[in-house]
Amino acid sequence: MSHRVIVPIGPYHPLQEEPEFFQLYVEGEKVVDIDIIIGYNHRGIEKLAEGKHFDQIPFLVERICGICSSSHPYAYVLAVEDILGGESRIVPERALYIRTIVNELERIHSHLLWLGLAGHFIGYNTVWMWAWRYREPVLDCFEMITGNRNNYAMFKVGGIRRDIKEEDLPVIKKLLDELVPAVDMFKGAVMDDPVIQARLKGIGILTKKQAVDWCVVGPTARASGLNIDVRRDDPYGAYDRLDWNVIIEKEGDIFAKTIVRIMELYESVRIIRKCLDKMPAGAIDANIKDIPPGEGIGRVEAPRGECFHYVKSDGTNRPVRHKIRAPSYMNVASNKVAAVGGTISDATITLAAVDPCYCCTERVTVINRPDNHKIMNGWDLIKLSQEKTRKLRGVLLWKI
Amino acid sequence: MQTKDKIKERLAGKIKDWKEVSARRIYLGINKEDIYGVVEILFKEIGLRFSTASGVDTPSGFEILYHFSFDQAGEFYSLRVLINDKKNPVIDSLTPLFAGAEWIEREIWEMLGINFKNHPNLKRLLLADDWPEGKYPLRSNHES
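Keep in mind that this is a model prediction, so the values were computed, not measured.

1. Some words on the interface of chain A and chain B
Phase 1: Facing 24 residues of chain A, the contacting portion of chain B comprises 23 residues.
Phase 2: The set of elements that each furnish at least two residues to the side of chain A that touches chain B consists of β7 (305-313), β8 (319-325) and α13 (327-333) of chain A.
Phase 3: A per-class count over the side of chain A that touches chain B returns ten nonpolar, four polar and ten charged.

Structure below.
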């Protein structure tokens, strides 16, 4: 008779480096059941949003997650613009294109981040180092466009906060040109490597039926053969003006999820290139003053899937209710079926294959040496950051 | 036949009000007793994808919006249900229909105190273990 043992992973995940708790019930090597316990990171953002006015909320929601710090504010402004009659009716054309560019750059850095972590999880640290090495210029590009690597503060109701400068365009184009050979390399590394194939094929399978039943979204759904993508189905930004493809795989295993994400990198590069070519000149903000009573829904295809925001307004300057549903909320729950039936060693990568949302925004800013203590206040840090942005812009421009 | 017409036909008599805010945003009100049957038709038969649900504490009762997406046409349907009984709010659980509803029902239960009948696993999802029983942070009378 087999003996059932609980293997706890968490409450602080040793690899995913975020508080979540998986209890694996195992018999021998086989995972027979799993309990997913979350809530360690609950900050009550929906409640906080009820106390902030409409213009403050983008700053709040972009701090939900350091990776999706354009998807959440984007979905929120779409929800408010839904009350006002729809994004395409009020937001200036140029702003639509810039919103699309920021959103796709985010997808690129997020997929590269996942690819690196996935490599790390299966013990393939070379992929990790290389993926993050190519992610770094994307973050530098963000810093150049928005002034920050994360939490870009680009979105506001009715438009965006800052324009992309003419002199930044060649830098973005160069970044994309350098990125494509890197993605080629990753594609080759994953598709041609028999070890990776042996490690990822046929494990952590989420069938199409299960994907429907668990209502999963994004690459997790598309790898299981569900043909859904908010960018195409309920277009926002400039997506309906551009030509691009939705990547679908049928197998539902981790290999399929990896392929979907790698191929989406190409599509993102394609979308940004087209945006840069077609972006018209003009205003970037519609200067919205009042939000009428009503309710609106905003949906954005975040790197992990559909990000949903619902805003209800009663005509005052604060929302009555603001509901947020991040894509991982649906995807993480599906681990209940994807991880069960596999082995413990596969569970590590299976639980990470849906790309659960990490907060990796911490950066080291001050070095304290015993011989030379340096105390910096908030303003010093801002000055330091601005200096770095200036320097970076100089270097990047100088390179081309 | 268009999905909108199909839904109207299949749910005839159960839709209290039908509001198309725009071509892609449809709000429909139904009685709370009908929720299980209506969602069974929408999810299993018509093939809508469940996106999420959101609960609001209003003066006339608890309002739950069940959001469904019809991805082929980009339409988004929000089912509005009002639970008048503020003392003992109960509604049928959708989790027996599809697994994707489990977490959001647990969340609404702990945040607003709405009970989901036939939910297989109604326990806390996000709130801390030492959060006091019977305190619901998203109710309008909650003092933070």
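2. With respect to helix α2 (residues 35-46) of chain B
Residues and elements named next belong to chain B.
Phase 1: Helix length check: α2, at twelve residues, gives a terminal C-alpha distance of 15 Å against a target of 16 Å (1.5 Å per residue), a fit within 8%.
Phase 2: Within α2, burial applies to Val38, Val39, Leu42 and Phe43. Projected down its long axis, α2 shows its buried positions confined to an angular sector of 110°, all on one face. Summarising the geometry of α2, the exposed residues directed more than 90 degrees from the buried face are Lys44 and Glu45.
Phase 3: Buried residues in α2 make contact with β2 (25-30), β3 (49-58), β4 (61-70) and β5 (75-83).

3. With respect to the sheet that holds β8 of chain A
Residues and elements named next belong to chain A.
Phase 1: Ordered by their spatial adjacency, three strands build an open sheet running β6-β7-β8, and the pairing between neighbours is antiparallel. Whereas interior strands pair on both sides, the edge strands pair on one side only; in this sheet they are β6 (294-302) and β8. Shown here is a sheet whose adjacent strand axes are inclined to one another by a mean of 10°, direction ignored.
Phase 2: Judged from the nine bridges that link them, β6 and β7 form a sheet pairing that is antiparallel. Pairing of Gly298 across the sheet is with His309, part of β7.
Phase 3: With respect to the sheet, helix α3 (residues 71-84) is in contact with β6 and β7, its orientation differing from that of β6 by roughly 150°.

4. Brief notes about the packing of helix α5 (residues 93-121) of chain A against helix α15 (residues 344-353) of chain A
Between two packed helices, the angle of one axis relative to the other and the distance separating the axes together describe the packing.
Residues and elements named next belong to chain A.
Phase 1: Between α5 and α15, whose axes approach to 9 Å, the crossing angle comes to 170°. Judged on the interaxial angle alone, α15 and α5 are roughly antiparallel. Where α5 abuts α15, its residues Leu117, Ala118 and Phe121 lie against Thr348, Ile349 and Ala352.
Phase 2: Each residue belonging to the contact of α5 with α15 can be placed in one class, and the counts come to five nonpolar, one polar and no charged.

5. Observations concerning the domain arrangement of chain A
Phase 1: As assigned here, chain A comprises domain 1 (42-353) and domain 2 (366-400).
Phase 2: Domain 1 of chain A and domain 2 of chain A are separated by 29 Å when their C-alpha centres are compared.

6. Some words on α3 of chain A
Residues and elements named next belong to chain A.
Phase 1: Here α3 contains 14 residues, and its C-alpha end-to-end distance of 20 Å stays within 8% of the 20 Å for a straight helix at 1.5 Å per residue.
Phase 2: In terms of residue burial, α3 counts as a mostly covered element, since 14 of its 14 residues are buried.
Phase 3: Just downstream of α3, Gly85 is the residue with a positive phi angle, here 120°.

7. Let's talk about the packing of helix α6 (residues 125-146) of chain A against helix α7 (residues 169-191) of chain A
Residue and element names in this part refer to chain A.
Phase 1: One way to put it is that α6 packs onto α7 with a least axis distance of 11 Å and a crossing angle of 165°. Classified by the interaxial angle, the pair formed by α6 and α7 is roughly antiparallel. Seen from above, α6 lies across α7 with left-handed handedness. Residue-level inspection shows Val127, Ala131, Tyr134, Pro137, Val138, Cys141 and Met144 of α6 in contact with α7, the latter providing Val171, Ile172, Leu175, Leu179, Ala182, Phe186 and Ala189.
Phase 2: Broken down by class, the residue content of the contact of α6 with α7 amounts to 14 nonpolar, no polar and no charged.

8. Description of the nonpolar core
Phase 1: Core analysis: the largest hydrophobic core is formed by 144 residues, its most contacted members being Val80 and Cys141 of chain A together with Leu79 of chain B.
Phase 2: Element by element, the count of residues in this core is highest for α5 of chain A, at 14 residues.
Phase 3: Among residues more than four places away in sequence, those in contact with Leu79 of chain B are Leu28, Ile30, Val38, Leu65, Tyr66 and Phe68 of chain B.

Cut-offs used in this document
- Here the residue numbers are simple positions, counted from 1 along each chain's written sequence.
- Note on labels: chains are lettered from A, ligands numbered from 1, in written order.
- At least 70 in pLDDT is required for a residue's local features to be given in this predicted model, at least 80 for side-chain atom pairs to be given and counted, and no such filter applies to totals for whole chains, interfaces and linings, which use all residues.
- Note that contacts rest on C-beta atoms placed from the backbone: two residues are in contact if these are within 7 Å.
- Runs of E in the DSSP output that reach at least two residues are strands. Runs of H or I that reach at least four are helices, and both are numbered from the N terminus.
- The nonpolar class holds Ala, Val, Leu, Ile, Met, Phe, Trp, Tyr, Cys and Pro. Asp, Glu, Lys and Arg form the charged class, and all remaining residues, Gly among them, are polar.
- To estimate how far a helix should reach, multiply one less than its number of residues by 1.5 Å.
- In this scheme every C-beta is placed from the backbone, and a residue whose C-beta has 20 or more other C-beta atoms within 10 Å is buried, one with 12 or fewer is exposed, and one in between is partly exposed.
- The directions from the helix axis to the C-beta atoms are what the arc is built from.
- Only strands joined by at least two bridges in the DSSP assignment are considered to pair.
- Here an angle of 0 to 180 degrees is reported between the N-to-C directions of two axes, which are lines fitted to C-alpha atoms, with helices fitted over the stretch in contact.
- When describing relative orientation, an angle under 35 degrees is termed roughly parallel and one over 145 degrees roughly antiparallel, while 65 to 115 degrees is termed roughly perpendicular and anything else oblique.
- Domain boundaries shown here were taken from an automatic or database domain assignment.
- Two helices crossing with the near one rotated counterclockwise from the far one by less than a right angle form a left-handed crossing, whereas a clockwise rotation gives a right-handed crossing.
- Put simply, a nonpolar core is buried Ala, Val, Leu, Ile, Met, Phe, Trp, Tyr and Cys residues tied into one set by C-beta atoms within 7 Å.

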